[in-house]
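# Reading the structure
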Amino acid sequence: MQFTFPTDAQELATLRVDACALILFEGEQSDSPVLRALDHALSNVLSSVLEEEQFTGKKNQSFTLHTHGKVGTSRVLVLGAGKRKDFQLNDVRFLTARAVRMANPTRVRSMGIVLPALDSDAAERVGQFVSEGALLASYQFDKYLTGERKKPVLLQDVLLLPAVPGAVPTAASASLASASHSEAFQRGVTRGRAVAQGVALARDLVNEGANQMTPRHLATLADQLARERGLELSVLGPQECRELGMNLFLAVAQGSSEEPRFIHLTYRPKETPRRRVVLIGKSVTFDSGGLSIKTVEGMLDMKMDMGGGGAVLGAMSALSQIGCVDEVHVLCAATENMPGGAAYKLGDVLRGLNGKTVEINNTDAEGRLTLADALSYAVDRIKPDVILDFATLTGACEVALGSHTAGLMSTNQDAANALLGAARAAGEDMWQLPLPERLGEVLKSDIADIKQCGDRKGGCITAALFLKEFVGDTPWVHVDMAGPVKATQEWGHHGKGATGFGVASIVEFLLSRS
Ligand code: BES
Ligand code: MN
Ligand code: ZN
């Protein structure tokens, strides 16, 4: 897909594209010069349809108008952007995605997009979010569709058009259309492409069935990524993990006939790194619950239990293309959680990599065991400045915050604020939950250092309190993304299925200057 930002003012009425999307703030429809110009060329049909449809620019309003050759574009798509005062720059991704979603079923190859007039210094972000929105709205997991249901997206050319066309540019449009802003726009497009590719990778990994996406396969894909991007890779098999003492991770793996893999990817910047960052992603490629087996309902989406791993691998893919001043390590303790004859059992006491002992009381709380050994590995062997972990860890988090918001918990408020800020800029919902020490009493064990899990109350917090026992003094932020890993409806840049949640926030976190 190509993204262009014509520097000379385009005559909208003569521009030859298959569709042109007009995006308007609520209540600003009558002030839009583009709309006026098009309406004029269409003998006022546009304004009368606007009236018939009672279009006022509310957030989810939209309609299509066929132009029957009267202007250069075959269709005009009009979309509401909601109130200007509620607008955030990352809404450009949402709005572009909606326009592209409207256009794609009609098999368009080229489309123009007219965003509302924005600050000229936003050109780079606009380029980023336009490309992310268009590319991600065009994402399809269609490798298993056959026949007529397989409809490849044809969209090739996206032209971003100034909100004010023609020979009378106002200050805003003139500066936005200047050459330097066009360069900034293209810089943004380059970044947006890399992020979109990373998100698409995460979605592909998560959407794939667990029969294909085994721990060994995940390691093979990490190897491909390492070769493509010049990353360091080390993959530990069960024997090597045993020698190191990763007994928590191995216990989860032992009920399955699929071998586990501990994946460690490293990105090193050319210059001396600003800091060393570890990204850990929960990578349970299928979670049956083990002997504490799940119900059919509960197990249905459990191929997605490696969504954290998808997020950190997707982010690594993006940032190794864009480049970054940090040294970045990605860890994925990849395993299935199955109830085979060798499965770990309730009542077992296991010794983790850092020497702490854990009493097992629910084999379905497997994620925290795999993460605990990954955290110990990071703390002891990598000695990072900060650790971020992303995990589809608890159903309780989705109950607490709903399906679109991840729970964020941390032992270091500066690191938490940095990730919360990055998520806000990237347009991903994260909300901080507390880590009250007192709640940790439910994790007391009579026979081991700590019990694996508490009761239902505050389940996502007690899971994080368990993890906290393995991070020592290293600044650490935990993100429980059990809800937002998947979507049951189309929304902006994501369709049904895996969302690729986390990738955009991680990239933003690593590229931010603070
Ligand atoms: N992978 C699940 C959490 C999950 C649930 C993710 C729903 C996405 C959607 C996790 O391993 C799990 O089973 N958690 C248990 C924890 C309990 C046993 C303490 C849960 O949420 O029920
Ligand atoms: Mn589980
Ligand atoms: Zn799980």
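For clarity, every value in this text was computed on a predicted model and none was experimentally measured.

## Concerning the overall build of the protein chain
Secondary structure summary: the protein chain contains 16 helices and 20 strands in total. A compact globule built from 514 residues should have a C-alpha radius of gyration of about 24 Å, and the protein chain, at 25 Å, falls within 12% of that. In the protein chain, buried positions account for 57% of the 514 residues. Residue pairs at least 24 apart in sequence account for 78% of intrachain contacts in the protein chain once pairs closer than 6 positions are excluded. A total of about 21,600 Å² of accessible surface is found on the protein chain, and carbon and sulfur atoms cover 49% of it. Here the protein chain carries 52 positive and 59 negative side-chain charges, and the mean point of each set is 2 Å from the other.

## Description of helix α1 (residues 33–41)
Of all the positions in α1, only V34, L35, L38 and D39 are classed as buried. Angular distribution of buried residues about the axis of α1 spans 130°; they occupy a single face of the element. Buried residues along α1 sit against β2 (19–24), α2 (45–52), β4 (75–80) and β5 (110–114). Just beyond α1, the residue with positive phi is S43, at close to 50°.

## Topic: the confidence of the model for the protein chain
In low-pLDDT regions, the fine details of the predicted coordinates are not to be read closely. Per-chain confidence: the protein chain averages 94 in pLDDT, with 96% of residues scoring 70 or above. Segment residues 166–176: pLDDT under 50, and 13 contacts once partners within four positions in sequence are set aside and those in other chains are kept.

## Quick look at the pattern of salt bridges
Scanning the entire structure with this criterion turns up 22 salt bridges. In this structure, the salt-bridge partner of E208 is K143, at a minimum N-O distance of 2.6 Å. Highlighted residues: E208 in the loop between α6 (179–207) and α7 (215–229) and K143 in the loop between α4 (123–137) and β6 (157–161), separated in sequence by 65 residues. In this structure E208 comes out as buried when scored by relative accessible area, which is 5%. Linking E327 and R268 is a salt bridge whose minimum nitrogen-to-oxygen distance equals 3.4 Å. Of the two residues, E327 sits in strand β11 (residues 327–337) while R268 sits in the loop between β8 (261–267) and β9 (276–281), which places them 59 residues apart along the sequence.

## Observations concerning the sheet that holds strand β13 (residues 357–359)
A sheet is described by the order of its strands in space; here three strands give the open sequence β12-β13-β17, paired in mixed fashion. The open sheet terminates on both sides in strands that have one partner only, identified here as β12 (349–351) and β17 (450–451). As paired elements, β12 and β13 share three bridges and run antiparallel to each other. Of the residues in β13, the one forming a bridge with V349 is E359.

## What about unusual backbone geometry?
With a phi angle near 50°, S43 is a residue other than glycine that sits in the positive phi range. Along the chain, S43 falls in the loop between α1 and α2. Positive phi is not limited to glycine here, since R107 has a value of about 60°. Looking at the secondary structure, you find R107 in the loop between α3 (91–103) and β5. Exposure remark for R107: the relative accessible area of 39% places this residue in the partly exposed category.

## Focus: the state of the cysteines
Within this structure, the stated rule accounts for zero disulfides. Between C453, a cysteine without a disulfide, and C460, which holds the nearest cysteine sulfur, the sulfur-to-sulfur distance is 14 Å. Here C453 falls in the buried class, since its relative accessible area comes to 10%.

## Thoughts on the side chain of Q452
Position of Q452 relative to the elements: it lies in the loop between β17 and α15 (459–468). The exposure class of Q452 is buried, given its relative accessible area of 0%. A polar contact of 2.9 Å, which involves the side chain of Q452, links it to the backbone oxygen of N362. Of note is the side chain of Q452, whose polar atom sits 2.9 Å from the backbone oxygen of A365.

## Here we look at the coordination of the manganese ion (ligand 2)
Distances from the manganese ion (ligand 2) to its protein donors, D287 (OD), D364 (O), D364 (OD) and E366 (OE), fall at 2.1 to 2.2 Å. In this structure, the manganese ion (ligand 2) is coordinated by six donor atoms arranged in irregular fashion, with angles at the metal of 72 to 170°. Look at where the donors of the manganese ion (ligand 2) fall in the sequence and you get D-x76-D-x1-E. In this model, the manganese ion (ligand 2) sits 3.2 Å from the zinc ion (ligand 3), the two metals being bridged by D287. Judged by its relative accessible area of 24%, D364 is partly exposed.

## Focus on the coordination of the zinc ion (ligand 3)
In an ideal tetrahedron of four donors about a metal, each angle is 109.5 degrees. In an ideal octahedron of six donors, the angles are 90 or 180 degrees. Protein coordination at the zinc ion (ligand 3) comes from K282 (NZ), D287 (OD), D305 (OD) and E366 (OE), with a distance range of 2.0 to 2.4 Å. Viewed at the metal, the six donor atoms of the zinc ion (ligand 3) are separated by angles of 79 to 173°, and the geometry they form is octahedral. Donor residues for the zinc ion (ligand 3) sit on one chain with the sequence pattern K-x4-D-x17-D-x60-E.

## Considering the pairing of β9
Within β9, five of the six residues are buried, leaving the element largely enclosed by the surrounding structure. Alignment of β9 against β11, held across five bridges, turns out to be parallel. The residue bridging R276 from the neighbouring strand is E327, located in β11. Note that β9 and strand β14 (residues 386–391) share five bridges and pair parallel. When the sheet's bridge partners are listed, V277 is paired in β14 with V386.

Conventions and cut-offs
Residues numbered from 1 in each chain as written. Chains lettered and ligands numbered in written order. Predicted model: local features only at pLDDT ≥ 70, side-chain atom pairs only at ≥ 80, totals over all residues. Heavy atoms only, no water. Helix = DSSP H or I, 4+ residues; strand = E, 2+ residues; numbered from the N terminus. Rg over C-alpha atoms; globule rule 2.2 N^0.38 Å. Buried < 20%, exposed > 50% of the residue type's maximum accessible area, 1.4 Å probe, protein only. Contact = heavy atoms within 4.5 Å. Areas by Shrake-Rupley, 256 points an atom, 1.4 Å probe, with all protein chains shown as cover. Lys, Arg positive; Asp, Glu negative; His and termini not counted. Charge placed at Lys NZ, Arg CZ, Asp CG, Glu CD. Arc of directions from axis to C-beta. pLDDT = per-residue confidence, 0-100. Salt bridge = Lys/Arg side-chain N within 4 Å of Asp/Glu carboxyl O. Pairing = 2+ DSSP bridges. Disulfide = S-S within 2.5 Å. Polar contact = N/O pair within 3.5 Å; in protein donor to acceptor, adjacent residues only side chain to side chain. Donors = N, O, S within 2.8 Å, 3.2 Å for Na, K, Ca; no water. Tetrahedral: all angles 85-135°; square planar, octahedral: opposite > 155°, others 65-115°.

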